[in-house]
Amino acid sequence: MIRELDVDETDRVEAPLGILTEAGVSPGTKLLVFSEGGGIVLRRAEDAINDLLGEGTL
């Protein structure tokens, strides 16, 4: 699923729960957001930390 999201005047972005649910993200899940290449990446914090500790990269 591809969605276009808008940044509001307070620099916030809201993502529909449906797109997060489709990606396996449930309410209450901690996410990390970081830039990579020419875009941004959303990762489950637990997954990103495990990759960082295990592989040395996000």
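A. A look at the layout of surface pockets. By volume, the largest pocket is sized at about 470 Å³. In terms of lining residues, the largest pocket is bounded by 16 residues, among which L5, A15, L20, L31 and L42 are the most central. Counting residues per element, the ones that place at least two in the lining of the largest pocket are α1 (17-22), β1 (31-36) and β2 (39-44). The element contributing the most residues to the lining of the largest pocket is β2, with 5 residues. Of the residues assigned to the lining of the largest pocket, the class counts are 12 nonpolar, no polar and 4 charged.

B. Local environment of the pattern of salt bridges. Applying the stated criterion across every chain, the model contains 2 salt bridges. A salt bridge links R43 to D51; the nearest nitrogen and oxygen atoms lie 2.7 Å apart. Notably, a salt bridge pairs R44 with D47, separated by 3.1 Å at the nearest N-O pair. Classification of R44 as partly exposed rests on a relative accessible area of 29%.

C. Focus on unusual backbone geometry. Phi angles above zero are rare outside glycine, and D11 is one such case at about 65°. Relative to the assigned elements, D11 resides in the segment before α1. Overall, D11 belongs to the exposed group, its relative accessible area being 68%.

D. Summary view of the environment of E46. With respect to the helices, strands and loops of the structure, E46 is situated in helix α2 (residues 45-55). A relative accessible area of 60% places E46 in the exposed class. Along the backbone, E46 and E4 are 42 residues apart, and their C-alpha atoms lie at a distance of 26 Å.

E. Geometry of the environment of I49. Looking at the secondary structure, you find I49 in helix α2. The class of I49 is partly exposed, set by a relative accessible area of 43%. For the pair I49 and L32, spaced 17 residues apart in sequence, the C-alpha to C-alpha distance is 9.4 Å.

Rules behind the numbers
Every chain is numbered on its own, with residues counted from 1 as its sequence reads. It should be noted that, the model being predicted, local features are given only for residues of pLDDT at least 70 and side-chain atom pairs only at 80 or more, the latter also being counted only at that level, while totals for whole chains, interfaces and linings use all residues. In computing side-chain values, all of the structure's heavy atoms are included and hydrogens and water are not. As defined here, a cavity is a set of points on a 1 Å grid over the protein atoms alone where a 1.4 Å probe fits but cannot get out. A pocket is an open set with protein on both sides within 12 Å along at least five of seven lines, and residues line them when an atom is within 4 Å of a point. Grid points are joined across faces, edges and corners, and a volume is the space filled by probe spheres set on the points. We count a stretch as a helix when DSSP gives it H or I for four or more residues in a row; a strand needs E for two or more, and each element gets its number in order from the N terminus. Ten residues, namely Ala, Val, Leu, Ile, Met, Phe, Trp, Tyr, Cys and Pro, are considered nonpolar, four, namely Asp, Glu, Lys and Arg, are considered charged, and the remaining ones, Gly among them, are considered polar. A pair is scored as a salt bridge if a Lys or Arg side-chain nitrogen falls within 4 Å of a carboxyl oxygen belonging to Asp or Glu. Categorising residues by exposure relies on relative accessible area from a 1.4 Å probe, with only protein chains included: less than 20% of the type maximum marks a residue as buried, more than 50% marks it as exposed, and the intermediate range marks it as partly exposed.

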